[in-house]
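Geometric and topological summary
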Amino acid sequence: MPPSAGPESSGAGKRWIMAFLPLILFMALAGVFLYQLGSGKDASEIPSVLIGSKAPSLNLPPLEGLVENGQPVPALTDAAIKGRLSLVNVWASWCVPCRQEHPILLELANDPRVELVGINYKDKTPNALTFLGELGNPFTAVGVDPAGQAAIDWGVYGIPETYLVGPDGTILFKQIGPFTPESLRDKLLPAIEKVMSPGS
């Protein structure tokens, strides 16, 4: 009569599974990664459920102490973007990619077709003021979001993120991560031109 499988054999089986579990998990993750690479999709392009829907309401207090041409820069409210093609940029002084994309925002601030406004995310006021003082202020209105509630409402994954909002308040485009010259040329500017073209 063959001996029945005892505690030793079942323990050996568990040890074998535990030994190979990390390898199995690694292979599964590698497969997902390779699939993403092979699909030709940009890994930074995470679809937003908000695209095509009305933008969340804006009612954020101003960045106290931010002055432009001798006047306080206004708070970010719905009135700041109502009826205008607008870019809503979520940024912070502690965000390294925000610093990298800032020259592009300064360039966009000169485009008369769009209103550029900012949500200052989980930042300290002195740090935010220093950031804009050193690099320049591209925003016509800035609202502070110290607890990150507005960012949650807007579906922010991580900053910087920028939303193109139509004159009717519809979100038309979302940039996840910093703008680059390529994303500006290939994605944002065509989206702006599409809105501005007759019959769009």
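It should be noted that the structure appears before, not after, this text.
The following paragraphs examine the structure supplied in this document. (Residues numbered from 1 in each chain as written. Predicted model: local features only at pLDDT ≥ 70, side-chain atom pairs only at ≥ 80, totals over all residues. Heavy atoms only, no water.)

The next thing to look at is the layout of surface pockets. Approximately 160 Å³ is the volume attributed to the second largest pocket. Lining the second largest pocket are 13 residues; nearest its centre among them are Ala55, Asp78, Ile81, Lys82 and Gly169. Residue composition of the lining of the second largest pocket, grouped by class: 7 nonpolar, 3 polar and 3 charged. (1 Å grid on protein atoms, 1.4 Å probe; cavity = no way out; pocket = protein on both sides within 12 Å on 5 of 7 lines; lining within 4 Å. Points joined across faces, edges and corners; volume = space filled by probe spheres on them. Nonpolar A, V, L, I, M, F, W, Y, C, P; charged D, E, K, R; others polar.)

Two strands in a sheet stick together by hydrogen bonds in their backbones, pointing the same way (parallel) or opposite ways (antiparallel). Strand order in the open sheet formed by 5 strands is 7-6-5-8-9, with mixed pairing between adjacent strands. Both outer strands of the open sheet, strand 7 (141–145) and strand 9 (171–176), are each paired with one neighbouring strand and no more. The average angle at which neighbouring strand axes cross in this sheet is 20 degrees, direction not considered. Across 5 bridges, strand 5 (residues 86–91) lies against strand 8 (residues 161–165) in antiparallel orientation. Across the sheet, the residue bridging to Val90 is Glu161, located in strand 8. Most of the contacts of helix 3 (residues 96–108) go to strand 5, to which it runs at about 160 degrees, and overall it touches strand 5, strand 6 (115–121) and strand 8. With respect to the sheet, helix 6 (residues 181–196) is in contact with strand 5, strand 8 and strand 9, its orientation differing from that of strand 9 by roughly 170 degrees. (Pairing = 2+ DSSP bridges. Helix = DSSP H or I, 4+ residues; strand = E, 2+ residues; numbered from the N terminus. Axes fitted to C-alpha atoms, helices over the stretch in contact; angles between N-to-C directions. Contact = heavy atoms within 4.5 Å.)

Another point: the state of the cysteines. The full count for this structure, using the stated rule, is 1 disulfide. What pairs with Cys95 in a disulfide is Cys98, and their sulfur atoms sit 2.4 Å apart. Its S-S torsion of approximately 85 degrees makes the covalent link between Cys95 and Cys98 right-handed. The exposure classification of Cys95 matches that of Cys98, with both residues buried. (Disulfide = S-S within 2.5 Å. Buried < 20%, exposed > 50% of the residue type's maximum accessible area, 1.4 Å probe, protein only.)

This part takes up the nonpolar core. Within the largest apolar cluster, 46 residues are counted, with the highest numbers of intra-cluster contacts made by Trp91, Leu108, Trp154, Ile159, Tyr163, Leu164 and Leu188. Discounting chain neighbours no more than four positions away, the residues touching Trp91 are Cys98, Gly118, Ile119, Asn120, Tyr121, Asp123, Ala128, Phe131, Leu132, Phe139, Val142 and Ile159. (Core = buried A, V, L, I, M, F, W, Y, C linked by side-chain atoms within 4.5 Å.)

Here we come to the pattern of salt bridges. Tallied over the entire structure, the rule returns 5 salt bridges. Here Arg99 ties to Glu134 by a salt bridge, and the two come within 3.9 Å at their closest N and O atoms. Pair noted here: Arg99 is in helix 3 and Glu134 is in helix 4 (residues 125–135), with a separation of 35 residues, a long-range link. According to the relative accessible area criterion, Glu134 is exposed, its value standing at 55%. (Salt bridge = Lys/Arg side-chain N within 4 Å of Asp/Glu carboxyl O.)

A few words now on empty space enclosed by the protein. Once rolled over the atoms, a probe with the size of a water molecule shows which space is left empty. Tallied over the full model, the rule gives 1 cavity of 30 Å³ or more. For the lining of the largest cavity, the secondary-structure elements that each account for two or more residues are strand 5 and helix 3. It is helix 3 that provides the largest number of residues to the lining of the largest cavity, a total of 3 residues. Considering only residue class, the lining of the largest cavity consists of 5 nonpolar, 2 polar and no charged.

This part covers the packing of aromatic side chains. Within the structure shown, the criterion is met by 4 aromatic pairs. Geometrically, the ring pair formed by Trp91 and Phe131 is stacked, given 5.3 Å between the ring centres and 25 degrees between the ring planes. Pair noted here: Trp91 is in strand 5 and Phe131 is in helix 4, with a separation of 40 residues, a long-range link. Each member of the pair, Trp91 as well as Phe131, is classed as buried. Taking the centre distance of 6.3 Å and the plane angle of 50 degrees together, the rings of Trp94 and Tyr121 count as tilted. In this pair, Trp94 sits in the loop between strand 5 and helix 3 while Tyr121 sits in strand 6, placing the two residues 27 residues apart along the sequence. Grouping aromatic residues by their ring pairs yields a cluster made of Trp91, Phe131 and Phe139. (Phe/Tyr/Trp six-rings, centres within 6.5 Å; stacked < 30°, edge-to-face > 60°.)

Remember, this is a structural readout, not a statement about activity or role.
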